[in-house]
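The primary structure of each chain is shown beneath.
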Amino acid sequence: MHYRPIGKTGMSASIIGLGAEHLDNKPYETIESVINASLEQGFNIMDIFMPGETVRKNIGHALKGRRDQVLIQGHICSTDINEQYDRSRDLPTVKKYFENLLRCLETDYIDLGMLFFIDTEKDFSDVFESDILRYAQDLKQQGKIRAIGASSHVPRTARRVVETGAVDLLMFSINPAFDMMPAETYVLDYLENKITDYEKKLDNDRAALYRLCEQRGVAITVMKTLGAGKLLSPKHSPFAQPLTTAQCIHYALTRPAVVSVLLGCASREEVLDAAAYLDKSDTERDFSAILQSFQGDFRGSCVYCSHCLPCPAEINIAGVHKYLDTALLDENNIPPAITDQYRALNRRGSDCTACGSCEERCPFSVPIIKNMQNAAALLEKQP
Ligand code: SF4
Ligand code: SF4
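Bear in mind that the values here come from a model prediction, so they are computed numbers and not experimental data.

This part covers the site of ligand 2. Close to ligand 2 lie 15 residues; Cys311, Ala313, Cys352, Cys355 and Cys358 are nearest. Secondary-structure elements contributing two or more residues to the shell around ligand 2 are α17 (357-361) and α18 (368-379). No other element matches α18, which puts three residues into the shell around ligand 2. A class-by-class count of the residues in the shell around ligand 2 yields 12 nonpolar, three polar and no charged.

Below, the structure written as structure tokens:
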């Protein structure tokens, strides 16, 4: 397993983690088996948004004696009033459900306290301009949560959340299909009705959100990596062919700021299928053929697929592009963390010998040599 730092929190997450939603309404034996398999595979992060007491207690029981082996990403505002799963912005209700989460999990802290489901302007104001944000900040001060995050499916609202500076972590829905939808498309509708209204290029608002997170040091954990399984299905995939689990995981993990994909696994076999990503070859992980079918629209823009390697100068070309793209958000105000991380690379833009072999291999006609020069000029110049 590989681990990535969660922004500025001091914590690190496994690149593959467990989304516990499919454990809802499952017998205890299944829950224990999935959690055992996840820990055996090195998963150290688990998302628990479900408000139900039974599943919370079963997870707590299965984790007994192993609480310190996992980072719990738990949600603030997730409720099931009237036995209907819902989000509440009523502070006493929100407090009651959060305290219940601690009690059911038999713990006195949640590692990542997520402000739940910030999709609309109203969600934003109800949470970020109210006592609920202050409640989360108090929880952090009291040590009941170690960091504050938020979950969202909507790029523009998520952007507002990140711009508050109040969160260290964003849980966001990322997969190649969603990334090609116009930003105003509500991705949860896609899961209900097959939407074919694609822009046939990566949506700028989504790409800009990931870069903003990278720039601000806000980590992203990913939900809907497999589009609720639809991307794997020949019948439901919106592309000419279905993707594999490994291609979907790789796509998400190669977006800027992403630290972990949290896969909803309902059985030990599904955990093993997700973990098999670690043993896949570059060819098996490669998602570029899917995007390539829209080649005309992607031309010139790096999608971080690493198809251009090997580089005789051993430059991580996709990595350099990620830092360059983030730096280009505001050339005159590049965050020192981006410059530091870029400079920590073993090989940088200035190591490029302009041999050109990468440009022959890049399926998206990216002007790599020019971009290496730009990266050197922007990120290697003295402060
Ligand atoms: S330069 Fe081209 S081949 Fe290399 S990572 Fe970017 S898009 Fe992929
Ligand atoms: S042109 Fe530069 S980045 Fe591309 S393969 Fe050659 S040395 Fe590497």
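Let us look at the site of ligand 1. As a matter of local geometry, ligand 1 sits amid 14 residues, with Cys302, Cys305, His307, Cys308 and Cys362 nearest to it. Considering each element in turn, the shell around ligand 1 owes the most residues, three residues, to helix α15 (residues 317-327). Of the residues in the shell around ligand 1, the class split is 11 nonpolar, three polar and no charged.

Our focus in this paragraph is the sheet that holds strand β10 (residues 169-173). Strands sit in the order β3-β4-β5-β8-β9-β10-β11-β12 around a closed barrel of eight strands; the barrel is parallel. The sheet shows a mean angle of 30° between the axes of neighbouring strands, direction not considered. In this structure, strand β3 (residues 16-19) lies alongside strand β12 (residues 258-264), joined through four bridges in parallel fashion. Of the residues in β12, the one forming a bridge with Ile16 is Val261.

Moving on, we come to helix α2 (residues 53-62). Every buried residue belonging to α2 is among Val55, Arg56, Asn58 and Ile59, and all of these are buried. Mapping the buried residues of α2 onto a view down its axis gives an arc of 165°, with all of them on the same face. Against the buried residues of α2 lie α1 (28-40), β4 (45-48) and α3 (91-105).

We now examine the pairing of β12. The element β12 is largely enclosed, with a buried count of seven among its seven residues. Pairing analysis gives three bridges linking strand β11 (residues 219-223) to β12, with the strands arranged parallel. The partner of Val222 across the bridge, within β12, is Val261.

Relative to each other, α1 and α2 sit at 50°, their axes nearing to 9 Å. Viewed along their axes, α1 and α2 adopt a mutual orientation that is oblique. In this structure, the crossing between α1 and α2 has a hand that is right-handed. Taken together, the residues of α2 that come into contact with α1 (itself represented by Tyr28, Ile31, Glu32 and Ile35) are Asn58, Ile59 and Ala62. A breakdown of the residues in the contact of α1 with α2 according to their chemical character gives five nonpolar, one polar and one charged.

Below, the discussion takes up the confidence of the model for the chain. Residues at a pLDDT of 70 or more form 90% of the chain, whose mean pLDDT is 88. Here helix α14 (residues 295-298) is the element of the chain with the lowest mean pLDDT, 46, and strand β2 (residues 12-14) is the one with the highest, 98.

With respect to the helices, strands and loops of the structure, Asp351 is situated in the loop between α16 (336-343) and α17. Under the C-beta neighbour-count criterion, Asp351 is labelled partly exposed, with 16 such atoms within 10 Å. Counting along the chain gives 39 residues from Asp351 to Pro312, while the straight-line C-alpha distance between them is 10.0 Å.

Looking at the element boundaries, Cys311 is found in the loop between α14 and α15. When neighbours within four sequence positions are excluded, Cys311 is seen to be in contact with Ile317 and Cys358.

The interhelical angle for the contact between α3 and helix α5 (residues 131-141), taken along N-to-C directions, is 30°, at an axis separation of 10 Å. Of the possible angle classes, the one that applies to α3 and α5 is roughly parallel. Of the two elements, α3 crosses α5, and the hand of that crossing is right-handed. Between α3, through Leu91, Val94 and Lys95, and α5, the contact on the second element is made entirely by Asp131, Ile132 and Tyr135. Here the contact of α3 with α5 is built from residues that sort into four nonpolar, no polar and two charged.

About the criteria used
Residues numbered from 1 in each chain as written. Chains lettered and ligands numbered in written order. Predicted model: local features only at pLDDT ≥ 70, side-chain atom pairs only at ≥ 80, totals over all residues. Near = placed C-beta within 6 Å. Helix = DSSP H or I, 4+ residues; strand = E, 2+ residues; numbered from the N terminus. Nonpolar A, V, L, I, M, F, W, Y, C, P; charged D, E, K, R; others polar. Pairing = 2+ DSSP bridges. Axes fitted to C-alpha atoms, helices over the stretch in contact; angles between N-to-C directions. Buried ≥ 20, exposed ≤ 12 C-beta atoms within 10 Å, placed from the backbone. Arc of directions from axis to C-beta. Contact = placed C-beta atoms within 7 Å. Parallel < 35°, antiparallel > 145°, perpendicular 65-115°, else oblique. Left-handed = near helix turned anticlockwise from the far one by under 90°. pLDDT = per-residue confidence, 0-100.

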